[in-house]
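# Per-entry structural report
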Amino acid sequence: MTGLHLGSAVTDMSAGYHGDKIDPADVVRAALGGVEAGRIEVLADEWSAYVKASLANDPSDFYSATAR
């Protein structure tokens, strides 16, 4: 089993979101690569990697850095 994490992808559902988005084909490539490598978790984009790296830190650091 592999968990897949991503911030936002270019889809109809995210059409109104104007932040960074990853191409769905890149999500699929990351997911399949992770499954083939036997990884338990795949971080498909930079945002997911940033969030994961922030989890062990003080949450106020994350919120102050990402508040818009």
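Residues numbered from 1 in each chain as written. Predicted model: local features only at pLDDT ≥ 70, side-chain atom pairs only at ≥ 80, totals over all residues. Heavy atoms only, no water.

## Digging into the overall build of the protein
Across its full length, the protein holds 3 helices and 2 strands. In the protein, the order of α-helices and β-strands from amino to carboxyl end is β-α-β-α-α. Oriented by its inertia axes, the alpha-carbon framework of the protein measures out at about 35 × 30 × 15 Å. A buried classification covers 19% of the 68 residues belonging to the protein. (Helix = DSSP H or I, 4+ residues; strand = E, 2+ residues; numbered from the N terminus. Buried < 20%, exposed > 50% of the residue type's maximum accessible area, 1.4 Å probe, protein only.)

## Remarks on the pattern of salt bridges
Applying the stated rule across the entire model yields 2 salt bridges. One salt bridge connects Asp26 with Arg29, and the closest N-O pair in it is separated by 2.5 Å. Placement of the pair is Asp26 and Arg29 together in helix α1 (residues 24-36), with a separation of 3 residues, close to one helical turn. Residue classification places Arg29 among the exposed positions, given a relative accessible area of 54%. Residue Lys52 pairs with Glu41 through a salt bridge whose shortest N-O separation is 2.7 Å. (Salt bridge = Lys/Arg side-chain N within 4 Å of Asp/Glu carboxyl O.)

Such coordinate-based values are descriptive only and should not be taken to indicate function.
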